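# Coordinate analysis (summary)
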Amino acid sequence: MNSRIPDTHAEAWALLPWLANGRLDTADREWVEAHAQSCAECRTELAAQKRVATQMQRDAAEAPASAANDEQRSFNKLWSRIEASEAAAPVTNANPGAGRRAPPMVRWLAAAVVVQAIGLGVLGFGAMRSPEFVTVTKEEARPNRSRAPAVRIVFSPAASIETINTLLEHQGLQIVDGPGTQGNFTAILSADAVASGASAESVAGVMSKDPNVSFAQPIAR
Amino acid sequence: MPLKIVENQSIENPALRLATPPSDASERALLDRIAKSQDQAAFRTLYGSYYQRLSRLLTRMSVRREDIEEVINDTFWVVWTKAGEFRGASQLSTWIIGIAYRRALNALRRAKLRPVADHEFDEDSISVESSEEDETNQQWLSLGLERLPVEQRMALELTYTLGHSCEEVAAILDCPVNTVKTRLFRARETLKQVLPRLAGMSGDHA
C-alpha cells in the first residue's frame, strides 16, 4: 500500500496520533504500522505520543472528581429553565411527535414523583433511625462483599428499569439485595469506582440528588 | 479495598467515562426517547454522559469556571429542543461536542478572555526534581497544553482524552481533515519543547 503514498513518512507521521489512540481505519492502520516497523523515528514518536495520550487520560480521570457533585445541580438549573420556557410558551403544535413538549403533564408527573419521593424518603429515614435496622443484607452471607462500600437506595416509582440500570452503571454500583420492605435496595461500589476515588458517601450524595432516586444513604461498614 | 465483583460487569464510572464514551447506538436510543416522548430520564442520562467530558474540554479551552455550566446547559438546551431534528448524518457525540465547542468560542469572544496560562500558571513552580513523577508530568502537560492555541489544544484533547478519530475531530471543530492533522502536527512540535520528560525525547526527532 505504500506505493499510493507519495511521501510515506510525512503521511505516516501525521497519522501517528490516531495510531496511538487506536482510531485509524484498517487500511490506514496497516500501512502506517508497516512504515513504522521500518522507521525508527516514527516508532519513537509513536511511543512518545502514547505517553502523552496516557498522561492526558490520567489527568482527565483525576481532574473532574469535584465536578461530579455539580452535575445534578447544573441539570436542575437546566430543567427549571426548560420548564419555565415551556410554561411561558404553551404548545400549539398539533403534532406532538415533532419534538414539542407537554408541560402540564410533565409538571404533574414531576409533582407526583416529588410527593412519592418525600413519602418514601420519610419512610427511609424512619427506618434508618431504628437501631435494629443496620443492613438489609446479612454480611456473613456475603463475606467477599462485606467490606465493599455500600449504599442503600430507594428509587423513584417513576424510574424505569433501564434508567435505574444506567444510573447504577454510571456510579459503578451493583445491586446486591432488595427490594426490602420499603422498596429499598442495597448496592455496592465496584472496585473500579473505589479505585477512581468514589466512596459510599460521595455516591450516595450524587444519587440522592438524582430525580430517579427518592432516597440514598451510605451504609456504615 | 478487597472486593470481588461480578465478572464481565460493565461499569461506567464518571471518572472513567472520559476515555470510554458510550456507544453511538445507545446514545441515539436516548435521543430518540427525548425526541418522541420528551423523556426526562433519557435526557438526564444523556446529560450525565456528557457533563464530565464537556467540563473537561471547556476547562481546557480556558472557559471560565462560572461560564462552563452555562455553555453545557446552552448545549443541552439545543439537544432538548432539536432532538427531533437530528438526522444522524454525523455521530451524536460530534454533534453535541461541536455545539459545545461553538458555544464556548462565543463565550470566550464575549468575555475577551486571555488563556488562563497567562495569569494562573507559574512555570517556576514546576519542580523537575519532584519524587512524584506522575504529578510532575501532569504539571508539564498542563504547561504544554496551555501554550497551545485553543484549536490545537482541542484537537489534542479530542484525540487523546476523548479518543475521537481524525474525521470525528474534523466534524466537531468544523474544519477539513487535513487541518486537524496540521493542528495536531504543530501541537506535537510545541509539546516536544515543553515535555521532554514525558515525551521521552530531546526535541530533535522531527
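Residues numbered from 1 in each chain as written. Chains lettered and ligands numbered in written order. Predicted model: local features only at pLDDT ≥ 70, side-chain atom pairs only at ≥ 80, totals over all residues. Heavy atoms only, no water.

### Details of the overall build of chain A
What chain A contains, in helices and strands, is eight helices and four strands. The secondary structure elements of chain A, listed N-terminal to C-terminal, are α-α-α-α-α-β-α-β-β-α-α-β. At a minimum sequence separation of 6, the contacts of chain A that also span at least 24 residues come to 64%. Counting only carbon and sulfur atoms, one obtains 56% of the accessible surface of chain A, whose full area is about 11100 Å². (Helix = DSSP H or I, 4+ residues; strand = E, 2+ residues; numbered from the N terminus. Contact = heavy atoms within 4.5 Å. Areas by Shrake-Rupley, 256 points an atom, 1.4 Å probe, with all protein chains shown as cover.)

### Looking at the overall build of chain B
Counting its secondary structure elements, chain B contains ten helices and zero strands. Out of the 206 residues in chain B, the part that is buried amounts to 55%. About 9200 Å² of surface is accessible on chain B, with carbon and sulfur atoms providing 47% of the total. (Buried < 20%, exposed > 50% of the residue type's maximum accessible area, 1.4 Å probe, protein only.)

### Focus: the pairing of strand 4 (residues 213-219) of chain A
All names here are of chain A. The buried fraction of strand 4 is high, at five of seven residues. When strand 1 (residues 150-155) meets strand 4, the two strands line up antiparallel, connected through six bridges. Bridge pairing links R152 to Q217 in strand 4. (Pairing = 2+ DSSP bridges.)

### Quick word on the packing of aromatic side chains
Overall, the coordinates contain twelve aromatic pairs over all chains when judged by the stated rule. When the ring of Y47 of chain B is compared with that of Y51 of chain B, the centres are 5.8 Å apart and the planes differ by 35 degrees; the resulting orientation is tilted. A residue pair is termed a helical-turn pair when its members lie 3 or 4 positions apart in one helix, as Y47 of chain B and Y51 of chain B do in helix 2 (residues 40-60) at four residues. A single burial state applies to Y47 of chain B and to Y51 of chain B, both of which are buried. Ring-pair connections join several aromatic residues into one group, and the members of that group are F75 and W79 of chain A together with F43, Y47, Y50, Y51, F76 and W80 of chain B. Sitting above the plane of the W77 of chain B ring, R81 of chain A keeps its charged end 4.6 Å from the centroid. Positioned over the ring face of Y50 of chain B is R53 of chain B, at 4.0 Å from the centre of the ring. (Phe/Tyr/Trp six-rings, centres within 6.5 Å; stacked < 30°, edge-to-face > 60°. Lys NZ or Arg CZ within 6 Å of the ring centre and 35° of its normal.)

### Some points on helix 6 (residues 161-171) of chain A
When helix 6 of chain A is considered as a whole, its buried residues turn out to be T163, I164, T166, L167, L168, H170 and Q171 of chain A. At the C-terminal side of helix 6 of chain A, G172 of chain A shows a positive phi close to 70 degrees.

### Considering the sheet that holds strand 3 (residues 184-189) of chain A
Residue and element names in this part refer to chain A. Sheet architecture is open: four strands sit in the order 2-3-1-4, paired in antiparallel fashion. The sheet is open, and its two edges are formed by strand 2 (173-177) and strand 4, each paired on a single side. Geometrically, the sheet is characterised by an average inter-axis angle of 35 degrees between neighbouring strands, direction not taken into account. Running over the sheet, helix 6 touches strand 1, strand 2, strand 3 and strand 4 and is turned about 155 degrees from strand 1. Here helix 8 (residues 200-208) sits on the sheet in contact with strand 1, strand 2, strand 3 and strand 4, set at roughly 170 degrees to strand 4. (Axes fitted to C-alpha atoms, helices over the stretch in contact; angles between N-to-C directions.)

### What about the confidence of the model for chain B?
Residue and element names in this part refer to chain B. Per-residue confidence for chain B gives a mean pLDDT of 78, with 71% of residues at or over 70. Averaged pLDDT values over the elements of chain B bottom out at 40 in helix 5 (residues 117-120) and peak at 95 in helix 8 (residues 166-173). Here residues 113-131 is a poorly scored stretch, pLDDT under 50, and it has 27 contacts once near neighbours within four places are set aside; other chains count. (pLDDT = per-residue confidence, 0-100.)

### Focus: the packing of helix 6 of chain A against helix 8 of chain A
All names here are of chain A. One way to put it is that helix 6 packs onto helix 8 with a least axis distance of 11 Å and a crossing angle of 145 degrees. The way helix 6 lies across helix 8 gives a crossing that is right-handed. Together, L167, L168 and Q171 of helix 6 and V203, V206 and M207 of helix 8 make up the contact between the two elements. When its residues are assigned to classes, the contact of helix 6 with helix 8 shows five nonpolar, one polar and no charged. (Left-handed = near helix turned anticlockwise from the far one by under 90°. Nonpolar A, V, L, I, M, F, W, Y, C, P; charged D, E, K, R; others polar.)

### Points about the confidence of the model for chain A
Residues and elements named next belong to chain A. With 67% of its residues at a pLDDT of 70 or more, chain A shows a mean pLDDT of 74. Confidence, expressed as mean pLDDT per element, reaches its minimum in chain A at helix 5 (residues 103-129) with 50 and its maximum at helix 1 (residues 8-20) with 95. In this model, residues 92-108 is a region of pLDDT below 50 whose contacts with residues beyond four sequence positions or in other chains number 21 contacts. Note on residues 124-143: pLDDT under 50 across the span, and 27 contacts to partners over four residues away in sequence or across chains.

### Regarding the nonpolar core
Among the nonpolar cores identified, the biggest contains 80 residues, and F43, L46, M61, F76, I96, L156 and L173 of chain B are the most heavily contacted of them. Sorting elements by how many residues they give to this core places helix 4 (residues 92-111) of chain B first, with eleven residues. If we skip the residues at most four places from it in the chain, F43 of chain B touches F75, L78, W79 and I82 of chain A together with I34, F76, V79 and W80 of chain B. I153, A198, V203 and V213 of chain A belong to the second largest nonpolar core, which has 18 residues in total. (Core = buried A, V, L, I, M, F, W, Y, C linked by side-chain atoms within 4.5 Å.)

### Here we look at the pairing of strand 3 of chain A
Residue and element names in this part refer to chain A. In terms of residue burial, strand 3 counts as a mostly covered element, since five of its six residues are buried. As paired elements, strand 1 and strand 3 share five bridges and run antiparallel to each other. Within strand 3, the position partnered with V151 by the bridge is A187. Of the strand pairs in this sheet, strand 2 and strand 3 are connected by four bridges, and their pairing is antiparallel.

### Describing the pattern of salt bridges
Taken as a whole and judged by the stated rule, the model has 20 salt bridges over all chains. Of the charged contacts, one joins R73 of chain A and D70 of chain A as a salt bridge, the two residues approaching to 3.7 Å between their closest N and O atoms. Taken together, the residues span about one helical turn, with R73 of chain A and D70 of chain A both in helix 4 (residues 65-88) at a distance of three residues. Overall, the relative accessible area of 40% leaves R73 of chain A in the partly exposed class. Of the residues examined, D70 of chain A reaches a relative accessible area of 28% and is grouped as partly exposed. Overlapping salt bridges bring together E45 of chain A together with R188, E189 and K192 of chain B as one network. (Salt bridge = Lys/Arg side-chain N within 4 Å of Asp/Glu carboxyl O.)

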